[in-house]
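# Observations on the model geometry
If you want the building blocks of each chain, they are given just below.
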Amino acid sequence: MKEKEDRIHKKVSTYIREYVFGFEDGIVSTVGVVAGLTTAALSRNIILLATFIEIIVAAFSMAAGTYLSLKAQRELSNDKRKVKSKAKRKEIERPFIGSIIMFLIFIVGGFIVMAPYIFLNPHSALTFSFVISAISLFLFGAVKAHYTKSDWFKSGLEMLAVGSLAVLVGFILGSLFRVG
């Protein structure tokens, strides 16, 4: 059991950047979009369609960027392999795996935010999205602390605070460009 936990811990730790970046960006960018669209007084159907498109397009974009950046990092590392030990090179992320993790975790974060819009009117959904996003960001930050060996409360608060700034931008922009 301990050996299995160690393997899982190592795999998650190897791709911690993708998990954190993808989840946080999936939630935050999607909350920014729904906050902007809702405060601009758009209809529920338009909000759902635009949000769905944003989640899918952004997930593909994030995955592509992850793939290309990890590939560049790997190429750079391979170029310097004479200096680095073999054990160090094995820790380098695989671009394809990193991009898949980024894609999936971004979608998870995005759909957490979008789900209330399926069942509630836009203004109730926005409130619920804010609450569930805040809770999700805090909990994800707290879980991240397990892998980074940091304080769970501070990690959760940091993820919540940084994510909340971007949400505020979406809300302000939506207010400035209100349709009705």
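All values derive from a computational prediction rather than experimental measurement. (Residues numbered from 1 in each chain as written. Predicted model: local features only at pLDDT ≥ 70, side-chain atom pairs only at ≥ 80, totals over all residues. Heavy atoms only, no water.)

### So, helix α2 (residues 16-39)
Here α2 is 24 residues long and its end C-alpha atoms lie 34 Å apart, about the 34 Å a rise of 1.5 Å per residue gives. Within two residues after α2, Ala 41 carries a phi angle of roughly 65°, on the positive side. (Helix = DSSP H or I, 4+ residues; strand = E, 2+ residues; numbered from the N terminus. Expected span 1.5 Å × (residues − 1).)

### A word on the environment of Arg 17
Within the secondary structure, Arg 17 is located in helix α2. Residue Arg 17 is classed as partly exposed on the basis of its relative accessible area of 41%. For the pair Arg 17 and Gly 98, spaced 81 residues apart in sequence, the C-alpha to C-alpha distance is 9.0 Å. When residues no more than four places from it in sequence are discounted, the contact partners of Arg 17 are Gly 22, Ser 69, Leu 70, Gln 73 and Glu 93. There is a polar contact of 2.7 Å between the side chain of Arg 17 and the side chain of Glu 18. (Buried < 20%, exposed > 50% of the residue type's maximum accessible area, 1.4 Å probe, protein only. Contact = heavy atoms within 4.5 Å. Polar contact = N/O pair within 3.5 Å; in protein donor to acceptor, adjacent residues only side chain to side chain.)

### Structural notes on the environment of Ile 112
Assignment of secondary structure puts Ile 112 in helix α5 (residues 95-119). Taking the C-alpha atoms as reference, Ile 112 lies 9.1 Å from Thr 30; in sequence the two are 82 residues apart. When neighbours within four sequence positions are excluded, Ile 112 is seen to be in contact with Phe 23, Ile 132 and Ser 136.

### Description of the confidence of the model for the chain
The predicted coordinates ought not to be read in detail in places where the model reports low pLDDT. When pLDDT is averaged across the chain, the result is 86; 89% of the residues are at 70 or more. Across the chain, α5 holds the top mean pLDDT of 95, while helix α4 (residues 86-90) sits lowest at 53. (pLDDT = per-residue confidence, 0-100.)

### As for the side chain of Thr 51
Along the chain, the position of Thr 51 falls in helix α3 (residues 44-79). When sequence neighbours within four positions are dropped, the list of residues in contact with Thr 51 reads Thr 30, Val 33, Val 34, Leu 37 and Met 114.

### Side note on the packing of α2 against helix α6 (residues 122-148)
Here α2 crosses α6 at 165°, and the two axes come no closer than 10 Å. In terms of their interaxial angle, α2 and α6 are classed as roughly antiparallel. In the crossing of α2 with α6, the sense of the turn from one axis to the other is left-handed. On α6, the residues touching Ile 16, Tyr 19, Val 20, Phe 23, Glu 24, Ile 27, Val 28, Val 31, Val 34, Ala 35, Thr 38 and Thr 39 of α2 are Pro 122, His 123, Leu 126, Phe 130, Ser 133, Ser 136, Leu 137, Phe 140, Lys 144, Tyr 147 and Thr 148. Considered class by class, the residues forming the contact of α2 with α6 number 15 nonpolar, six polar and two charged. (Axes fitted to C-alpha atoms, helices over the stretch in contact; angles between N-to-C directions. Parallel < 35°, antiparallel > 145°, perpendicular 65-115°, else oblique. Left-handed = near helix turned anticlockwise from the far one by under 90°. Nonpolar A, V, L, I, M, F, W, Y, C, P; charged D, E, K, R; others polar.)

### Examining the pattern of salt bridges
Here the structure, examined in full by the defined rule, presents two salt bridges. With a closest N to O distance of 2.7 Å, Glu 18 and Arg 17 form a salt bridge. Residue classification places Glu 18 among the buried positions, given a relative accessible area of 1%. Here Lys 71 makes a salt bridge to Glu 75, at a shortest N to O gap of 3.1 Å. Residue Lys 71 and its partner Glu 75 are located together in helix α3, separated by four residues, close to a single helical turn. The class of Lys 71 is partly exposed, set by a relative accessible area of 35%. (Salt bridge = Lys/Arg side-chain N within 4 Å of Asp/Glu carboxyl O.)

### Observations concerning a nonpolar patch on the surface
Taken together, the side chains of Leu 168, Val 169, Phe 171, Ile 172, Leu 173, Leu 176 and Phe 177 present a nonpolar region at the surface, about 700 Å² in accessible area. With respect to the secondary-structure elements, Phe 177 resides in the segment after α7 (152-176). On the basis of relative accessibility, which here comes to 60%, the residue Phe 177 falls in the exposed class. (Patch = residues over 30% accessible without salt bridge, like charges linked within 9 Å, V, L, I, M, F, W, Y side chains within 5 Å. Areas by Shrake-Rupley, 256 points an atom, 1.4 Å probe, with all protein chains shown as cover.)

### Re the layout of surface pockets
Volume-wise, the second largest pocket comes out at about 180 Å³. In this structure, the second largest pocket is lined by Met 1, Lys 2, Lys 4, Glu 5, Asp 6, Ile 8, His 9, His 146, Tyr 147 and Lys 149. Those elements that place two or more of their residues in the lining of the second largest pocket are α1 (2-14) and α6. Ranked by residue count, the leading element in the lining of the second largest pocket is α1, at six residues. Classifying every residue of the lining of the second largest pocket gives three nonpolar, two polar and five charged. (1 Å grid on protein atoms, 1.4 Å probe; cavity = no way out; pocket = protein on both sides within 12 Å on 5 of 7 lines; lining within 4 Å. Points joined across faces, edges and corners; volume = space filled by probe spheres on them.)

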